Amino acid sequence: MKIPQKFFARQHEIAADFLRELDKHLDDVVSGRVTEMFEVRDFAELIHVHPTHLSNTIKSATGHSPCYFFEERLMDISKSMLQNVSMPIAEIARTLTYDPSNFTKFFKHFSGQTPKQYREAYFQSISQNKEIVTI
């Protein structure tokens, strides 16, 4: 049986809606407009689909689960925030709705290093790049 083309278009529409809402939600979290992280069911409600359908559709359209995109975006935001030396790691954790110790576990799981190690390595690489440029 041939699958209608509009089926694939709807899958990609749902995936795009999810990614748009995810970015919007994470912007709201970082700016402090919301203090709770959404779950898949919250995104599903926003785009008017069942949570299971959302998860299955995202997986089918992209090859990855919704959590993959959530975690990827959170890591990008975390790394960006860690590049600001004046913001304590505990404050970054709280901004992203984490307890500081859970944030460290989350970050280490996905990056292989603690937030402190990432920050130190980042600033060390910056200082090495400046030395290379000045030589």
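Look above for the structure.
Residues numbered from 1 in each chain as written. Predicted model: local features only at pLDDT ≥ 70, side-chain atom pairs only at ≥ 80, totals over all residues. Heavy atoms only, no water.

## Some details on the overall build of the protein chain
Reasoning step 1: Looking only at helices and strands, one finds seven helices and zero strands in the protein chain.
Reasoning step 2: Starting at the N terminus and walking to the C terminus, you meet the elements of the protein chain as α-α-α-α-α-α-α.
Reasoning step 3: Within the protein chain, the fraction of its 135 residues that count as buried is 30%.
Reasoning step 4: The contacts in the protein chain between residues at least 6 apart in sequence include a share of 59% that link residues at least 24 apart.
Reasoning step 5: Carbon and sulfur atoms form 54% of the exposed surface of the protein chain, whose accessible area is close to 8,800 Å². (Helix = DSSP H or I, 4+ residues; strand = E, 2+ residues; numbered from the N terminus. Buried < 20%, exposed > 50% of the residue type's maximum accessible area, 1.4 Å probe, protein only. Contact = heavy atoms within 4.5 Å. Areas by Shrake-Rupley, 256 points an atom, 1.4 Å probe, with all protein chains shown as cover.)

## Some remarks on unusual backbone geometry
Reasoning step 1: At histidine 48, a residue that is not glycine, the phi angle is positive and equals roughly 65 degrees.
Reasoning step 2: In this structure, histidine 48 sits in the loop between helix 2 (40-46) and helix 3 (51-62).
Reasoning step 3: For histidine 48, a relative accessible area of 72% puts it in the exposed group.
Reasoning step 4: Of note, threonine 97 is a non-glycine position whose phi angle comes to about 65 degrees, a positive value.
Reasoning step 5: Mapping threonine 97 onto the fold places it in the loop between helix 5 (89-95) and helix 6 (100-111).
Reasoning step 6: A relative accessible area of 30% places threonine 97 in the partly exposed class.

## A short note on helix 3
Reasoning step 1: For helix 3, with twelve residues, the first-to-last C-alpha span of 16 Å sits near the 16 Å given by 1.5 Å per residue.
Reasoning step 2: Among the residues of helix 3, those classed as buried are Leu54, Thr57, Ile58 and Ala61. Taken around the axis of helix 3, the buried residues stretch over an arc of 100 degrees, which confines them to a single face.
Reasoning step 3: Among the residues trailing helix 3, glycine 63 stands out with phi positive, at a value near 85 degrees. (Expected span 1.5 Å × (residues − 1). Arc of directions from axis to C-beta.)

## With respect to the environment of isoleucine 92
Reasoning step 1: Take isoleucine 92: it is sitting in helix 5.
Reasoning step 2: Residue isoleucine 92 is classed as buried on the basis of its relative accessible area, which comes to 0%.
Reasoning step 3: Considered as a pair, isoleucine 92 and leucine 82 are ten residues apart in the sequence and their alpha carbons are 7.6 Å apart.
Reasoning step 4: Ignoring any residue separated from it by four or fewer positions in sequence, one finds isoleucine 92 in contact with Met81, Leu82, Met87, Phe103 and Arg119.

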